[in-house]
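Residue-level listing of the chains:
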Amino acid sequence: MLEKEKSKEIDFSKICPSIFAANFLNLKESLNYAKYKGVKLIHLDIMDGHFVPNISFGPKICEDILSYNYFNFDAHLMIENPEKFIPKFMNPSISYITIHYEIKKNIVELINQIKLSKVKAGISIKPKTSFEELINFLKESDLLHKIDLILIMSVEPGFSGQKFIDEVMPKIKKAYDFKIKNNLNYIIQVDGGINFNNCYQILDNGADLLVMGANFFK
Ligand code: DX5
Ligand code: ZN
């Protein structure tokens, strides 16, 4: 099937365009385009230059984007000290705030901080972190039933336009099987290197939401 034909079939409510990959000269047009395609959730990539070797944009630009007033948003915090920034993302338009498991400090407090604000809490793992390690930590910390979203990174975080790491695919299936087996409710989001060809297999493996940057806005 042609890529063009396939892209017509995809349910765009499952696609979360990463605004980081849009041309910032045309932000409004990019949001209009996402609306036209049927997108419901926009992904905000927040980078601090420490947790990842790049810087994206901060609360001021996010505030302007949120004022578009049509979408829900999820904030993917690739930052070393999220406690300072979580309050800035407590906004009625923000559905999920996601922190990284690999920051390895204050995770329980951070998840509680997010949930107090009535925003849903997500936790993300980088490609080299195993699903088992995350689950063991969530069990030990009594967080398993508090997590609303697990974000599985399929590229090393920090940059848009990288290739999907195929070795991550079994991790998506594990996250799905574990969720079903244990009757859990977390959403499975996958982020990095997703295009209109590999998106079907990622969904088949159990993903609920797909972040798409370069391949959505190009
Ligand atoms: C990478 C970000 C991703 C990225 C996705 O650190 O978390 O959201 O921008 O972009 P593509 O789809 O271009 O890999
Ligand atoms: Zn992201």
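No experiment lies behind these values; they were computed from the predicted model shown.

Calculation criteria
Residues numbered from 1 in each chain as written. Chains lettered and ligands numbered in written order. Predicted model: local features only at pLDDT ≥ 70, side-chain atom pairs only at ≥ 80, totals over all residues. Heavy atoms only, no water. 1 Å grid on protein atoms, 1.4 Å probe; cavity = no way out; pocket = protein on both sides within 12 Å on 5 of 7 lines; lining within 4 Å. Points joined across faces, edges and corners; volume = space filled by probe spheres on them. Helix = DSSP H or I, 4+ residues; strand = E, 2+ residues; numbered from the N terminus. Phe/Tyr/Trp six-rings, centres within 6.5 Å; stacked < 30°, edge-to-face > 60°. Buried < 20%, exposed > 50% of the residue type's maximum accessible area, 1.4 Å probe, protein only. Lys NZ or Arg CZ within 6 Å of the ring centre and 35° of its normal. Core = buried A, V, L, I, M, F, W, Y, C linked by side-chain atoms within 4.5 Å. Contact = heavy atoms within 4.5 Å. Donors = N, O, S within 2.8 Å, 3.2 Å for Na, K, Ca; no water. Tetrahedral: all angles 85-135°; square planar, octahedral: opposite > 155°, others 65-115°.

## Points about the layout of surface pockets
Part 1: As a volume, the largest pocket reaches approximately 210 Å³.
Part 2: F159, S160, G161, D191 and G192 are, among the 23 residues lining the largest pocket, the residues nearest its centre.
Part 3: Where the lining of the largest pocket is concerned, the elements lending two or more residues are β2 (41-47), β3 (72-78), β8 (209-212) and α8 (214-217).

## Some points on the packing of aromatic side chains
Part 1: In the structure shown here, the tally under the stated rule is 10 aromatic pairs.
Part 2: Plain terms: the ring middles of F12 and F196 are 5.9 Å apart, the flat faces sit at 55° to each other, and that makes the pair tilted. Of this pair, F12 sits in the loop between α1 (3-9) and β1 (15-17) while F196 sits in the loop between β7 (187-191) and α7 (199-204), and the two are 184 residues apart along the sequence.
Part 3: Using a relative accessible area of 7% as the deciding quantity, one classes F12 as buried.
Part 4: The interplanar angle of 80° and the centroid separation of 6.3 Å between the aromatic rings of F71 and F73 together place this pair among those described as edge-to-face.
Part 5: Taken together, F12, Y33, F196, F216 and F217 form an aromatic cluster joined through their ring pairs.
Part 6: Its guanidinium or amino end placed over the ring of Y70, K35 lies 4.7 Å from that ring's centre, counting from NZ or CZ.
Part 7: Over the aromatic face of F51 sits the side chain of K126, whose NZ or CZ is 5.1 Å from the ring centroid.

## Re the nonpolar core
Part 1: Grouped together as the largest cluster of nonpolar side chains are 71 residues, with contacts concentrated most on I19, L44 and I172.
Part 2: If we ignore the near neighbours within four places in the chain, the residues touching I172 are I152, F164, I188, V190, I202, N205, G206 and A207.
Part 3: One finds L41, Y96, M153 and V211 within the second-largest nonpolar core, a separate group that totals nine residues.

## Things to note about the coordination of the zinc ion (ligand 2)
Tetrahedral coordination by four donors puts the ideal angle at the metal at 109.5 degrees, and octahedral coordination by six puts it at 90 or 180 degrees.
Part 1: Taken together, the protein donors to the zinc ion (ligand 2) comprise H43 (NE2), D45 (OD), H76 (ND1) and D191 (OD), at separations of 2.0 to 2.3 Å.
Part 2: Every donor counted, the six donor atoms about the zinc ion (ligand 2) form angles of 68 to 167° at the centre, which fits octahedral coordination.
Part 3: Between consecutive donor residues of the zinc ion (ligand 2), the sequence gaps follow H-x1-D-x30-H-x114-D. Each member of the pair, H43 together with D45, is buried.

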